[in-house]
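Coordinate inspection notes
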Amino acid sequence: TKIGDDVIVGTNTTIDGQTDIGSSVSMQTNVYVPSNTTIGSNVFLGPNAVLTNDSYPVRKDVELEGPTVHDHVSVGANATVLPGVTLGEGSFVAAGATVTKDVPPGTLAVGTPARHKELPEELQGENDL
């Protein structure tokens, strides 16, 4: 596991196994980060955000593959990101969303399963953590 500078880890947050985390990352209370996950810099993970790494829990023997979260991504409270999903640079995952496929850079993911929408102007740009 590699963790950069200025990383905030909230109460009851779990970071498992082989995980790389960039600098200036804020993980709020109860965030779950599984092994084999990569998180870039200037990333915000809201309360109860869950990243997953097992496509078929206890049903199939698969290689565990966590999400890849690029720089300046924001993930809202109670959002879930499924295994192997990539969140593109500057993307924004709305609270409660279930992200089942890659989110392009600078895109909003909203709903369950998440749909991609144009990122509103007020949400565009980089995180300032």
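From a predicted model like this one, the values you see are computed outputs, not experimental measurements.

Observations regarding the sheet that holds strand 11 (residues 74–75)
Strand order in this open sheet of 7 strands is 2-5-8-11-14-16-17, and the pairing throughout is mixed. Looking at strand neighbours, the two that pair on one side only are strand 2 (8–9) and strand 17 (115–118), the edges of this open sheet. Across 2 bridges, strand 5 (residues 26–27) lies against strand 8 (residues 44–45) in parallel orientation. Directly across from Ser26, in strand 8, lies its bridge partner Phe44.

Looking at the pairing of strand 17
With 4 bridges joining them, strand 16 (residues 107–110) and strand 17 adopt antiparallel strand pairing. Paired with Thr107 across the two strands is Glu118, which belongs to strand 17. Linking strand 16 back to strand 17 in an antiparallel pair, the connection comprises 4 residues, with Gly111 at a positive phi of about 100°.

Description of the pairing of strand 16
Sheet topology note: the strand 14 (residues 92–93)/strand 16 ladder contains 2 bridges and is parallel. Counted as the bridge partner of Phe92 is Leu108 from strand 16.

Quick notes on the rules
- Residues numbered from 1 in each chain as written.
- Predicted model: local features only at pLDDT ≥ 70, side-chain atom pairs only at ≥ 80, totals over all residues.
- Heavy atoms only, no water.
- Pairing = 2+ DSSP bridges.
- Helix = DSSP H or I, 4+ residues; strand = E, 2+ residues; numbered from the N terminus.

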